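Residue-level listing of the chains:
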Amino acid sequence: MEPLSDTDCAGSTDTFQEVKSKRSQKRKRAAADAEMQPEETVAAKRPQFPALSGDQLAGGEVEMRRVPVPAHRYSPLKENWMKIFTPIVEHLQLQVRFNLKTRNVEIKTCRETSDIGALTRAADFVKAFVLGFQVEDALALIRLDELFLETFDITDVKPLKGDHLSRAIGRIAGKGGKTKFTIENVTKTRIVLADTKVHILGSFQNIKMARTAICNLILGSPPSKVYGNIRAVASRAAERF
Amino acid sequence: MASGDGSTLESCLQLLNSDTAHPELFLSVQDALATDFRSLTKTLYDLHKAHEPADCKGSPLEQLVIENFDEEQIWQELELQNDALLTHFEEAVEQAVTDDTITFFKDTEEEEEEEEDVDNGEIANSLEEESAEEDEDDDDDKDKEEETKQRLKPSAGNEDDDFSGEDSDLDFDVDKFEEKNKQKQSTAKLSKSRSHRTPSEVDDRFFKLSEMEAFLDDMDKREGNESVEEDIDYFQNLPSDDDEELTFDKPVALTKQKKKSSRDMKYKDFFAPVDAKPVEMDPESNDDYEGEEDDDNELEEDEDDMNEEDFDMEEDDTGDGARNALRKVTFDLPDDDDDDDDSEGEDVEDILGGKAKNVPKPESKSSFEKRQEKMAKKIEELETAALSEKPWQLTGEVSAQTRPENSMLEEDIAFDQASRMAPAITEETTLQLEEIIKQRIKDQVWDDVVRKEKPKEEVFEYKKRLTLDHEKSKLSLAEVYEQEYIKQTQEKKVEEENPAHVEIQKLMDTLFLKLDALSNFHFTPKPHVPEVKVVSNLPSITMEEVAPVNASDATLLAPEEIKERPCFEKNKAGDVLGATEKTTTDKKRERRKKKKLKRLKIQEREKRQKVKEAMKGGDEKKKSKAEVEQTLKKLTKGGKAKILTNDGMDKALRSSQAFFSQLQDQVKSQIKGSKNQTAKKKKQKEISVSKLKL
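As annotated in an unreviewed UniProt entry, chain B carries the name U3 small nucleolar ribonucleoprotein protein MPP10 and comes from Cyprinus carpio carpio. Quoted straight from UniProt, the Subcellular location (unreviewed entry) entry for chain B says "Nucleus, Nucleolus". Per UniProt, the comment on chain B under Sequence similarities (unreviewed entry) is "Belongs to the MPP10 family."

Chain A carries the name RNA-binding protein PNO1 in an unreviewed UniProt entry, which gives Cyprinus carpio as its organism. Reading the Subcellular location (unreviewed entry) entry of the UniProt record for chain A gives the comment "Nucleus, Nucleolus". For the record of chain A, the UniProt heading Sequence similarities (unreviewed entry) holds the text "Belongs to the PNO1 family."

Put into structure tokens, the structure is as follows:
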């Protein structure tokens, strides 16, 4: 996003002092170049500092994140390792390794890291994969900023036990995963149903929609009704934007 | 030297006399006389200056300079002299006033004293006398003023307290001096002669200058005599010019007017009458009041008073009356007239039993009486009004019948209107409207009604929009969002393309409009094609687009169109009859009809078949299964033939022998049975043949 100062005060730097808008503080490498120009035109009142690189922002220290991998995700991790570490290392400029002894994926910043938020995103990406999402779906976390991951338990919604619980899980999944796919498609989210836990990946509004649908299913509504509801909500949301 | 002075003065006087012998000359500018006057002024000034006593210092100018000086400058020189001496004269006058040795009782004495004081008094007076003749129709005003001023200066010592150094009014001084002269001349003049006052210009109906002065003199004398007395008698008749009582000390007054004590003074003595009725005024009695007023004020502020009165006095008598009318205080009574009523009031009349008091006095009644009369009259009026019927304006709700015709037009009514009045259409409003219209036309801003279109959205379309995909999506989440983003950014592109379409559409519309205009003027309609309309017998509620106000079960088709009545053409009046309603004739009729129809059908069918067989020729085609069955059916129907079925008799059918043996057996048994009945046998035989179970 361009800073506002660029477009507002085109040539009238004499009368106006360009004040850098706070949004220019966002860590975008692309905008860094554009920022340099208006900074030069700022009057001598403001001290000018060059942009810090990522590791300098952290205070010159190396930060590390650890993501534990459960056993059942071990082999999928092994299979998809290439697809996992390539974007982290190349696009985010981080260092990543899998600690075999502790069974953790460790991600570390280095000198080349320019973006301060890269580490968090990489950690989220790995975590999403570990939870059960596909690599391509989890990759969206790196590419898009406003995707979130939500987890809740089925028993949080309604205290179910035994068969009821199983039936609830069955309702959520549907025959051949039909219901789950339907919800995913309509609300543009990804859902992982792991025993009694439900993980949803998507943007905030969409997570809300999907969550509502799943909760309705848990509470016992038939899938057709849930389809109708989510369709209505999704169409309204689509119209708005 | 006195003699020298006297001679010069004499010569000056002579010169003056000669110059002013013909006052009509002064209507035009007389330069020669002006120079004479100037030289006269100079000589007199020099003369005076020579004799100036040492203690009072006039102006530093020893001589009056007149060469190459214009009037204004000469005047200023004189003024220098006069101002300087003014204070001196004032002091002298004061001294003279307070001086006990000098008394003012007698005019003659005064005059004598005055004479003593004066150096050139006589001459000055005589000079003044003559100057008095020269009136203000003189064009050379300034010269005149100079001269009078100069003459005043030596005679300033003359002045009483009446005119202490004032010289603003020419006439006034002249008057006084003339008076003094006359007094001097006629020493034996006493009171009565005062009546002949010389008219001054300030005199009018009320005020006589001479009388005022006389009164002042009297008062001073009295004051001198009565200064011993401490208390003042308030009810004493105050002395006036005309009052003869004053002159018991010295006969001074000159009254030809009747005297009135102060208690008897009435309003009309002082003020002019009301415009309607001019009451006889006593001008002298008015003067009386004015004179008193003057006396009171004059001791303090002479000059101002003089000026005011001069100003006042210059008005005419009529003006004076108007002014007095303004001064008059009027009560806002309905009748301000001095009418003398015959009846002062009913009550009073009754009480007094007659018109005892109704004799109007020859003179107007006292003000109190008048007021009382008016009040009583008013009271009477109010009472009659209260007792009588109220006018229609005051009686509650009034309809048109109760009030006189068109009486509302004369009334000023105030009422509130709840509703907003229609806007008054004036030229301005129409102009405004036209302005707005013109502006709208220029801006091409029309208020055209936009056709509203109901957006038809069917449920099907709505569902199409969001297809529920039950399968796992092939795109990953990232790609999904990517696609959405692209769609959003590309929306702008799409919108940009459409304007081209829009423009094309617009151009086409205009083109077609023009074409239509060309062709539609000679419009030939298309030939009418009978329209085939399919009407389905659905409930009309689905056929109509707009929701009906009330749902109805009515169908589009009429009952006759649904089902034709039986024998529609022949039996139009007939009703459909139910099964129990039919009579035997009806039943029979129906049966006949049915049979007829059936017969026709069969005949047609056979005809067709024959035609078909004939066409086919001699081919013994194997008949189709259906046809075979049909023939079988036909044959077995009437009971004529029976289809042989395998009912345990199979063997018999298989061979002819078996068949015939069975037949034989059967016949034998029958013969045995029916030997008796020969007639029946035959029949039976016939029947049994047909009825053989095979």
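A word on the sheet that holds strand E2 (residues 95-99) of chain A. All names here are of chain A. Pairing is antiparallel in the open sheet, where three strands are placed in the order E1-E3-E2. Since the sheet does not close on itself, it has two edges, and those belong to strand E1 (64-68) and E2, each with one partner. Mean inter-strand twist for the sheet, computed between neighbouring axes without regard to direction, equals 20 degrees. Bridge count for E1 against strand E3 (residues 104-108) is five bridges, and the pairing is antiparallel. Looking at the pairing, Arg65 lines up with Ile107 of E3. Against the sheet, helix H5 (residues 81-92) makes contact with E2 and E3, and its axis sits at roughly 150 degrees relative to E2, the strand it touches most.

What follows deals with the packing of H5(A) against helix H6 (residues 118-131) of chain A. Residues and elements named next belong to chain A. Relative orientation of the contacting elements H5 and H6 amounts to 170 degrees, with a least axis distance of 11 Å. By the angle between their axes, H5 is roughly antiparallel relative to H6. Across from Lys83, Ile84, Pro87, Ile88 and Leu92 in H5, the residues of H6 making contact are Ala118, Ala122, Phe125, Val126 and Phe129. Here the residues of the contact of H5 with H6 sort into nine nonpolar, no polar and one charged.

This part covers the sheet that holds strand E5 (residues 190-194) of chain A. Residue and element names in this part refer to chain A. Spatially, the three strands line up as an open sheet ordered E4-E6-E5, and their pairing is antiparallel. A single partner strand is all that each edge strand has here, and the edge strands are strand E4 (147-153) and E5. The mean angle between the axes of side-by-side strands here comes to 15 degrees, regardless of whether they run parallel or antiparallel. Taken together, the seven bridges between E4 and strand E6 (residues 197-203) define a ladder with antiparallel strand orientation. Within the sheet, the bridge partner assigned to Phe148 lies in E6 and is Gly202. Of the strands in this sheet, E4, E5 and E6 touch helix H11 (residues 204-219), which is tilted by about 150 degrees from E6.

Per the stated rule, a full pass over the model turns up five aromatic pairs over all chains. For the ring pair A:Tyr74 and A:Phe98, a centre distance of 5.8 Å and an interplane angle of 40 degrees mean the geometry is tilted. Taken as a pair, A:Tyr74 in helix H4 (residues 74-79) and A:Phe98 in strand E2 lie far apart in primary sequence, 24 residues in all. Their ring planes at 25 degrees and their centres at 6.1 Å tell us that B:Phe26 and B:Phe37 sit as a pair that is stacked.

Take a negative patch on the surface next. Judged by side-chain charge, B:Asp70, B:Glu72, B:Glu79 and B:Asp83 come together as a negatively charged surface patch. You can call B:Asp83 partly exposed: its relative accessible area is 46%.

With that settled, the discussion passes to helix H12 (residues 223-240) of chain A. Residue and element names in this part refer to chain A. For H12, with 18 residues, the first-to-last C-alpha span of 26 Å sits near the 26 Å given by 1.5 Å per residue. Along H12, the residues classified as buried are Val226, Tyr227, Ile230, Arg231, Ala234, Ser235 and Ala237. Angular distribution of buried residues about the axis of H12 spans 160 degrees; they occupy a single face of the element. Within H12, the exposed residues directed more than 90 degrees away from the buried face are Lys225, Arg236, Glu239 and Arg240.

Cut-offs applied
- Residues numbered from 1 in each chain as written.
- Chains lettered and ligands numbered in written order.
- Predicted model: local features only at pLDDT ≥ 70, side-chain atom pairs only at ≥ 80, totals over all residues.
- Heavy atoms only, no water.
- UniProt positions renumbered as here; feature names shortened; annotations may be inferred.
- Pairing = 2+ DSSP bridges.
- Helix = DSSP H or I, 4+ residues; strand = E, 2+ residues; numbered from the N terminus.
- Axes fitted to C-alpha atoms, helices over the stretch in contact; angles between N-to-C directions.
- Contact = heavy atoms within 4.5 Å.
- Parallel < 35°, antiparallel > 145°, perpendicular 65-115°, else oblique.
- Nonpolar A, V, L, I, M, F, W, Y, C, P; charged D, E, K, R; others polar.
- Phe/Tyr/Trp six-rings, centres within 6.5 Å; stacked < 30°, edge-to-face > 60°.
- Patch = residues over 30% accessible without salt bridge, like charges linked within 9 Å, V, L, I, M, F, W, Y side chains within 5 Å.
- Areas by Shrake-Rupley, 256 points an atom, 1.4 Å probe, with all protein chains shown as cover.
- Salt bridge = Lys/Arg side-chain N within 4 Å of Asp/Glu carboxyl O.
- Lys, Arg positive; Asp, Glu negative; His and termini not counted.
- Charge placed at Lys NZ, Arg CZ, Asp CG, Glu CD.
- Buried < 20%, exposed > 50% of the residue type's maximum accessible area, 1.4 Å probe, protein only.
- Expected span 1.5 Å × (residues − 1).
- Arc of directions from axis to C-beta.

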